[in-house]
Amino acid sequence: MGEVYAGFDERLDRPVALKRIWSGREEDATARKRFQREARAVARIHHPAIVQVYDWVESGDGDWIVMELVEGWPLRQLLHDGPLAPGRAARLARDILVGLAVAHAGGIVHRDLKAENVMVAADSSPGKVEQAKILDFGLARRIDPGSETRLSTDDGLVGTLSAMSPEQVRGGEIGPRSDLFALGSLLYEMMTGVTPFRGDSAAEILQRICAWDPPPAHSVIPAVPEALSAFISHLLEKDPRKRPPSAEDALAELDEILKRLPAGETIAGGLTGNAFRTAVEPPIVPEIAGRRGRLEWLGWRAAAAVAVLGVLAALGVWLWPPPRTLYVAVPETTVAAPGDAAQDLVLAASAVRTALLQGLLGFQHVAALEPSRDEGTAGDPVALARVLAADEVLTSRLECGNRTCRLVLRRLRGADGRLLWTTGFTVDTGSLLEMGLAVVEHLHAAYPDVRLRSGVPDLEVRAEDYEAYLRLKGRFDNREQGFSTDDLLTGLERLERTSPRFLDLPLYAAAALVKRFEVTRSRADLERAAQEVERARSTAPDDPRVLAQMATVARVAGRLDDAEAALERLRRLDPGNAQCLQQKALLLERRGKRQEALALMREVVRQLPSAGAHFDLGSMLYRHGDVTAARGEMEAGLALAPDLYKGLSALAQLELASGDPKRAAELYETLVSRSPEYAELTNLGTAYLLAGQYADAALRFRKALERSPGSPSALLNLADAELLAGRHKEASALYRQVLEQIDHDPQPEKLLTVRAQALAHLNRAPEAVAAVQEALRLDPESPFKAYEASLVFALVGDHSSALWNAQRALDRGFDLRWFAFPWFDPVRAQLAEAARRSRRNPS
């Protein structure tokens, strides 16, 4: 219903929150009406449990409510880590009840009480550290105080499904007791970590609200006191007359319960975090067998629920929790064959795995996880599921004799490896396409209750082209010596002429081009990747792979609105998939919304706590300067997968930035031996540079340049190594090359500090300072930008600015060894003191 900004009231000298809706569009008339109603309703109420409204302002760019600025956390954010301790939850519920009582006394019913509309703020009152505050009265209605008079329904059925009472769903009378039902739903979630009326569709959720009694909270979480559990059930009575008569009565009932809780549980905030979590969820299907009267009653209310869905959709309130995604790991197909025959079946094994991944893609609310070889955990499905946070593992095994092969498929539960389904059938490995189609058919039998996804095309490819594609993919994935990205693209382009509707061809080409762009920085690669994605989109516009690749290419190319649009379409197709959230987090980071990006990446880890997700979050924290938190996430990832290449690389980066450069060099030597790619070679050279081994550094930087000819960063690194080794003429020529390459880069704003360093080394001080100041303006909190700014200011002789930025870099985790280069000599003594201050006052 609006945007909210933090602001400052200069007239009254106080911080405020400013909530705005857009104006000037006909479709905003209803929202504006609700917005005005919210301001008028809340302005009449003055209580610490309700966010205070100060003013209403109309302006050319929208209407504004000026309100109290609450420093704290949304309750929804606290619930991301699981259920709250019972005492903490009860105390927050008490605050909410007090606020409801005040609102009801003022003739206001909230109608949309949920975790998103409650803030938990710090409170300086003696003996208390938290205060729940109700906000967002945009759906509130006036009532006669103390009555159950039906509210106006001039704008139809509105609200969030999880916050609706049965009478609200049915379009009946809505009064203060409706808010109590919503509080019961919220308190149930606070105590158990799950909403009481979960379902896979809106109709199912509405049906449960009207007709299904959730299991008592203490049966889901035994630590919930039975008295509190009974209180929640009282609030959740279907008949409003059976709920507490008023918020004041409910408050009195809760206060009596709080008096009887153990002493440690009665102190609000005594448990600063969520005390426990649970994997127990209420059953999905309500038990109604043998209850004829209940069945009949359920039927007409289910019809009523279905009837209101169109109203809900029209009002844009499809806000129920998305269906849960089933994550299925698909390891490499194993082969059992006599003698050397197994080597001849490598392509057949690849065809089986490709078909399994393709088949899972066609299922709704199922996500296939494709582990890398170092995530494979040597054939242990339980260990693999732990590394990937997979719910299930789908294994495949080719058992071949002298003439025939039998394929065995097994569906295993990730938690304990329990067999859920298996089948075996004879396959013809001489026809890989036919074998793949047979695999997909058998896969449908493995998941009989899962619905098929629309928009995913069948394998429309010639048999010979399918086999040729698998060969190309195998050579490229295995980094076959002498087989380049150009070789791959040429082969894929040739196959596209004869199998133009085979979606894997343009998608794989686009992925390879994006990967090469990260090294070459060639705009031509991005433009060609966009063309490949567009070709795929014209074939299957609603295929999730197409939308995901569209979002990636657009984000990397800087077309952020296009990336946003693709991700929104993907979210609608796959609403519960954490992989989509990860893409969104990267987009937010690219937009400069760092805190939002981190919050979303943490949500990814909560939903899919895989080793890779921990590493991705750790890398983002590292990019934003929180080295301590980054190390914690990477250690969590390495605990799951100690030999994972991605994890070792992340740890090496940490050692390089804030640890031991010699240890970093050892890690990077290991990584380079496994994959001598540009990034690893560059970081290895940097580690040697920090260790004072300039010749070794220059050798690695030259190898990196071979991988990425013309890369400005690689040229700058080599120039620094040459300068430190005393080859000044060679270094100057390289610094000039840096500037030439940046002038042709498609994203020069990402290379501002590289440009500034080259300019400073070439004695072009004013230009260097201007470039580094712009870099600091764009990313003022980055420790890396602070370090590079310190280096530039030291080079141009601005020692005070060099020291100020050095202090910021040190405070954010940079090690003093990064300042060992000779251009920091004029401020060496002051840097040592800055490092001591940083250790005394860590950020």
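Residues numbered from 1 in each chain as written. Predicted model: local features only at pLDDT ≥ 70, side-chain atom pairs only at ≥ 80, totals over all residues. Heavy atoms only, no water.

What about the overall build of the chain?
Item 1. Regarding its fold elements, the chain presents 36 helices and 15 strands.
Item 2. Split into buried and exposed, the 843 residues of the chain put 52% on the buried side.
Item 3. Looking at the chain as shown, the accessible area adds up to about 37,600 Å², and 51% of this sits on carbon and sulfur atoms. (Helix = DSSP H or I, 4+ residues; strand = E, 2+ residues; numbered from the N terminus. Buried < 20%, exposed > 50% of the residue type's maximum accessible area, 1.4 Å probe, protein only. Areas by Shrake-Rupley, 256 points an atom, 1.4 Å probe, with all protein chains shown as cover.)

Quick word on the sheet that holds strand E8 (residues 131-134)
Backbone-to-backbone hydrogen bonds join strands into a sheet, with any given pair of strands oriented parallel or antiparallel.
Item 1. Sheet architecture is open: three strands sit in the order E5-E7-E8, paired in antiparallel fashion. Here the strands that pair on one side only, and so sit at the sheet edges, are strand E5 (72-74) and E8. With direction set aside, neighbouring strand axes in the sheet form an average angle of 30°. (Pairing = 2+ DSSP bridges. Axes fitted to C-alpha atoms, helices over the stretch in contact; angles between N-to-C directions.)

Description of the packing of helix H24 (residues 611-623) against helix H25 (residues 627-640)
Item 1. Remark: H24 packs on H25, axes separated minimally by 8 Å, with the N-to-C direction vectors making an angle of 165°. When the axes of H24 and H25 are compared, the pair comes out roughly antiparallel. For the crossing formed where H24 meets H25, the hand is left-handed. Counting all contacts with H24, which are made through Ala611, His614, Phe615, Leu617, Gly618, Ser619, Leu621 and Tyr622, the residues of H25 involved are Ala629, Ala630, Glu633, Met634, Ala636, Gly637, Leu638 and Leu640.
Item 2. Class assignment of the residues belonging to the contact of H24 with H25 gives a composition of eleven nonpolar, four polar and one charged. (Parallel < 35°, antiparallel > 145°, perpendicular 65-115°, else oblique. Left-handed = near helix turned anticlockwise from the far one by under 90°. Contact = heavy atoms within 4.5 Å. Nonpolar A, V, L, I, M, F, W, Y, C, P; charged D, E, K, R; others polar.)

Examining the nonpolar core
Item 1. If you look at the biggest cluster of nonpolar residues, it comprises 107 residues, and the most contacted ones within it are Tyr735, Tyr787, Phe819, Phe821 and Phe824.
Item 2. Aside from chain neighbours lying at most four places away, what touches Phe821 is Leu689, Leu690, Leu724, Tyr787 and Arg828.
Item 3. Residues Leu347, Phe363, Leu394 and Phe476 belong to the second largest nonpolar core, which totals 57 residues. (Core = buried A, V, L, I, M, F, W, Y, C linked by side-chain atoms within 4.5 Å.)

Details of the state of the cysteines
Item 1. This structure, assessed with the given rule, holds one disulfide.
Item 2. The disulfide bridge from Cys400 ends at Cys405, spanning 1.9 Å between sulfur atoms. Its S-S torsion of approximately 115° makes the covalent link between Cys400 and Cys405 right-handed. Note on accessibility: Cys400 and Cys405 belong to one class, buried. (Disulfide = S-S within 2.5 Å.)

Examining the pairing of strand E4 (residues 62-68)
Side-chain direction in a regular strand flips from residue to residue, so the side chains alternate between the two faces of the sheet.
Item 1. Summarising burial for E4: seven of the seven residues are buried, a large majority.
Item 2. Hairpin connection from strand E3 (residues 53-59) to E4: two residues lie between these consecutive antiparallel strands.

Focus: the packing of aromatic side chains
Item 1. Scanning all chains against the criterion turns up 13 aromatic pairs.
Item 2. Judged by centre distance (5.3 Å) and plane angle (90°), the ring pair of Tyr469 and Phe502 falls under edge-to-face. Of the two residues, Tyr469 is situated in helix H16 (residues 463-477) and Phe502 in the loop between helix H17 (485-498) and helix H18 (504-520); the sequence distance between them amounts to 33 residues. An identical accessibility class is assigned to Tyr469 and Phe502; each is buried.
Item 3. Between Tyr469 and Tyr508 the ring centres are 6.1 Å apart and the planes differ by 90°, which places this aromatic pair in the edge-to-face class. (Phe/Tyr/Trp six-rings, centres within 6.5 Å; stacked < 30°, edge-to-face > 60°.)

Some thoughts on helix H23 (residues 594-607)
Item 1. With 14 residues, H23 ought to run about 20 Å at 1.5 Å a step, and its terminal C-alpha atoms sit 20 Å apart, in line with that.
Item 2. Within H23 the residues assigned to the buried category are Arg594, Ala597, Leu598, Leu600, Met601, Glu603, Val604 and Val605.
Item 3. Against the buried residues of H23 lie helix H22 (578-590) and H24. (Expected span 1.5 Å × (residues − 1).)

A look at the environment of Asp543
Item 1. Residue placement: Asp543 occurs in the loop between helix H19 (523-539) and helix H20 (544-557).
Item 2. Along the backbone, Asp543 and Leu573 are 30 residues apart, and their C-alpha atoms lie at a distance of 8.9 Å.
Item 3. Residue contacts for Asp543: discarding those within four places in its chain leaves Leu361, Gly455, Val456, Pro457 and Leu503.

A look at helix H35 (residues 799-811)
Item 1. Helix length check: H35 (13 residues) gives 18 Å between terminal C-alpha atoms against 18 Å at 1.5 Å per residue, within 8%.
Item 2. Among all positions in H35, only Ala802, Asn805, Ala806, Gln807, Arg808, Ala809 and Leu810 are buried.

With respect to unusual backbone geometry
Item 1. One non-glycine residue, His365, lies in positive phi territory at about 60°.
Item 2. Looking at the secondary structure, you find His365 in the loop between helix H13 (346-361) and strand E12 (366-369).
Item 3. At Asn763, a residue that is not glycine, the phi angle is positive and equals roughly 65°.
Item 4. If you trace the backbone, Asn763 turns up in the loop between helix H32 (752-761) and helix H33 (765-778).

Looking at the packing of helix H3 (residues 86-105) against helix H9 (residues 247-260)
Each pair of packed helices can be described by the angle between their axes along with the distance between the axes.
Item 1. Between H3 and H9, the shortest axis-to-axis distance is 9 Å and the interhelical angle comes to 160°. Taken together, the axis directions place H3 and H9 in an arrangement best described as roughly antiparallel. In this structure, H3 crosses over H9, and the sense of that crossing is left-handed. Contact residues: Ala90, Arg91, Ala93, Arg94, Leu97, Val98, Leu100, Ala101 and His104 in H3; Ala247, Glu248, Ala250, Leu251, Leu254, Asp255 and Leu258 in H9.
Item 2. Of the residues contributing to the contact of H3 with H9, the split by class is eleven nonpolar, one polar and four charged.

Topic: the pattern of salt bridges
Item 1. All chains considered together, the criterion is met by 50 salt bridges.
Item 2. With a closest N to O distance of 2.6 Å, Glu130 and Arg88 form a salt bridge. One end of the pair, Glu130, is in the loop between strand E7 (118-121) and E8; the other, Arg88, is in helix H3, with 42 residues separating them in the sequence.
Item 3. Between Arg663 and Glu666 there is a salt bridge; the shortest N-O distance is 3.5 Å. Residue Arg663 and its partner Glu666 are both found in helix H27 (residues 661-674); the two are separated by three residues, about one turn of the helix. (Salt bridge = Lys/Arg side-chain N within 4 Å of Asp/Glu carboxyl O.)

Here we look at the pairing of E3
Item 1. Note that E3 and E4 share six bridges and pair antiparallel. Each residue of the ladder has a partner; that of Val57, found in E4, is Trp64.

As for the confidence of the model for the chain
Item 1. When pLDDT is averaged along the chain, the result is 81, and 83% of the positions lie at 70 or above.
Item 2. Within the chain, the lowest mean pLDDT, 31, falls on helix H10 (residues 292-307), and the highest, 95, falls on strand E10 (residues 326-329).
Item 3. Per-residue pLDDT stays below 50 along residues 144-158; that stretch engages in 43 contacts with residues further than four places along the chain or on separate chains.
Item 4. Every residue in residues 263-320 scores below 50 in pLDDT, and together they form 102 contacts with partners more than four places removed in sequence or on other chains. (pLDDT = per-residue confidence, 0-100.)

Description of the environment of Asp249
Item 1. The topology assignment puts Asp249 in helix H9.
Item 2. With relative accessibility at 39%, the residue Asp249 sits in the partly exposed group.
Item 3. The spacing of Asp249 and Leu97 is 152 residues in sequence and 9.8 Å in space, taken between C-alpha atoms.

Observations concerning the environment of Glu568
Item 1. Relative to the helices and strands, Glu568 is located in helix H21 (residues 560-573).
Item 2. It is 9.2 Å that separates the C-alpha atoms of Glu568 and Cys580, two residues lying twelve residues apart in sequence.
Item 3. Within the structure, Glu568 has its side chain in polar contact with the side chain of Arg572 (distance 3.1 Å). (Polar contact = N/O pair within 3.5 Å; in protein donor to acceptor, adjacent residues only side chain to side chain.)

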